[in-house]
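# Descriptive structure summary
Spelled out, the chains give:
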Amino acid sequence: MKNRVREFRAKTNMNQSELAKKVEVTRQTISNIEHHGSVPSLVVAQRIAATFGVSVDDIFLSDLSYISYKNNKKGVTA
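Every chain is numbered on its own, with residues counted from 1 as its sequence reads. With pLDDT at 70 or above as the cut-off, local features in this predicted model cover only qualifying residues; side-chain atom pairs require 80 or more to be listed or tallied, and sums for whole chains, interfaces and linings still use all residues. To obtain the side-chain values, all non-hydrogen atoms of the structure were used and water was disregarded.

## A word on helix 3 (residues 27-34)
Residues of helix 3 that are buried include every one of Ile30, Ser31, Ile33 and Glu34, and no others. Seen from one end, helix 3 has its buried residues packed into an arc of 160°, which puts them on one side. Buried residues along helix 3 sit against strand 1 (2-3), helix 1 (5-11), helix 2 (16-23), helix 4 (42-52) and strand 2 (60-61). Here's how the labels work: a residue is buried when its accessible area is under 20% of the maximum for its type, exposed when over 50%, partly exposed in between, all with a 1.4 Å probe on protein chains only. For the purposes of this entry, the term helix denotes a DSSP run of H or I that reaches at least four residues, the term strand denotes a run of E that reaches at least two, and both are numbered from the N terminus. Here the arc refers to the directions that run from the helix axis out to each C-beta atom. Contact between two residues is taken to exist if any of their heavy atoms lie within 4.5 Å; hydrogens are not considered.

This is the structure:
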């Protein structure tokens, strides 16, 4: 599973520690999520999404969704 946590953090000028505090986890947890080392629980995923005002699906992408997202970002169409 891919995610856009780092991208959303960058858009809001938030560091890992700040996000961790908001979603009640450690900074290391955020780091592991961003680097695909761990998949967050549903509760943590929902808290992250709520922090950025988006849906869980906007941040956490299945492999197929991620390919589609990357292609759209590059302007590639099917």
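## Overview of the nonpolar core
Only buried Ala, Val, Leu, Ile, Met, Phe, Trp, Tyr and Cys residues count toward a nonpolar core, and they belong to the same one when joined by side-chain atoms within 4.5 Å. Counting residues in hydrophobic clusters, the biggest one holds 15 residues, and the most contacted among them are Val5, Leu19, Ile48, Phe52, Ile59 and Phe60. Every element with two or more residues in this core is listed here: helix 1, helix 2, helix 3 and helix 4. It is helix 4 that contributes the most residues to this core, five residues altogether. Residue contacts for Phe60: discarding those within four places in its chain leaves Met1, Lys2, Asn3, Val5, Ile33, Pro40, Ala45 and Ile48.

## Overview of the packing of helix 2 against helix 4
Geometrically, a packed helix pair is captured by the angle between its two axes and the distance between the axes. Axis geometry follows a simple rule: fit a line to the C-alpha atoms, using only the stretch in contact for helices, then measure angles between N-to-C directions, giving values from 0 to 180 degrees. Their axes nearest at 9 Å, the elements helix 2 and helix 4 cross at an angle of 115°. Between helix 2 and helix 4, the angle is such that the two are roughly perpendicular. Our pair here, helix 2 against helix 4, has a crossing hand that is right-handed. Contacts from Leu19, Lys22 and Val23 in helix 2 reach Arg47, Ile48, Thr51 and Phe52 in helix 4. The residue classification treats Ala, Val, Leu, Ile, Met, Phe, Trp, Tyr, Cys and Pro as nonpolar and Asp, Glu, Lys and Arg as charged. All others, Gly included, are polar. Residues belonging to the contact of helix 2 with helix 4 are distributed by class as follows: four nonpolar, one polar and two charged. Convention used here: angles under 35 degrees read as roughly parallel, angles over 145 as roughly antiparallel, angles from 65 to 115 as roughly perpendicular, and any remaining angle as oblique. Left-handed describes a crossing whose near helix is turned anticlockwise from the far helix by less than a right angle; the clockwise case is right-handed.

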